[in-house]
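What follows is each chain in one-letter form.
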Amino acid sequence: HHASRDMGAGYTILNDLAIAANFVTDSNLNQNTVTNIQKVLVIDCDVHQGDGTAKFGNLHTSHRLSTLSIHCADNYPRPKANSTYDVGLPSNVGDEEYMTALQQSVNIAISEIKP
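The text that follows walks through the structure, step by step, so that each part is easy to find.

## Here we look at the overall build of the protein chain
Phase 1: For the protein chain, the count of helices and strands is 5 helices and 3 strands.
Phase 2: Starting at the N terminus and ending at the C terminus, the protein chain contains elements arranged as α-α-β-α-α-β-β-α.
Phase 3: Taken over the C-alpha trace, the protein chain has a radius of gyration of 15 Å; the compact-globule value for 115 residues is 13 Å, and the two agree within 12%.
Phase 4: When its C-alpha atoms are laid out on the principal axes, the protein chain stretches across 45 × 30 × 20 Å.
Phase 5: Per-residue burial over the protein chain gives 39% buried out of 115 residues.
Phase 6: Put simply, 58% of the contacts in the protein chain that link residues at least 6 apart link residues at least 24 apart.
Phase 7: When the accessible area of the protein chain is evaluated, it comes to approximately 7000 Å², of which 53% is carbon and sulfur surface.

## A word on helix α1 (residues 16–25)
Because an α-helix completes one turn every 3.6 residues, residues spaced three or four positions apart along the sequence face the same direction.
Phase 1: Among all positions in α1, only Ala18, Ala21 and Thr25 are buried. Taken end-on, α1 shows its buried residues confined to a sector of 60°, consistent with a single buried face.

Calculation notes
Residues numbered from 1 in each chain as written. Predicted model: local features only at pLDDT ≥ 70, side-chain atom pairs only at ≥ 80, totals over all residues. Heavy atoms only, no water. Helix = DSSP H or I, 4+ residues; strand = E, 2+ residues; numbered from the N terminus. Rg over C-alpha atoms; globule rule 2.2 N^0.38 Å. Buried < 20%, exposed > 50% of the residue type's maximum accessible area, 1.4 Å probe, protein only. Contact = heavy atoms within 4.5 Å. Areas by Shrake-Rupley, 256 points an atom, 1.4 Å probe, with all protein chains shown as cover. Arc of directions from axis to C-beta.

Printed below as a string of structure tokens:
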């Protein structure tokens, strides 16, 4: 989730989530082997922000890929990329707070994006 279009980062060589989202939403690319998928929402739950996935701009501007990244606000990478939804949590967040933030942000993203 750290690799961008033109380079690897953070031990990530390529961004398989963005590549898969591009493939399933592009009928020319998948030669109509995948149908009825126009939008993908990547829900990235990691201590680090999914900055690489957030940087796949052409997929974002065409509304084919949306990203929700829930991560520690005070962690790598710096600066943060702009995900569709960024949920930066404090480093000492507890399980209940984390699950509440995750549930609320996922509910919002799904209701707004309608993947």
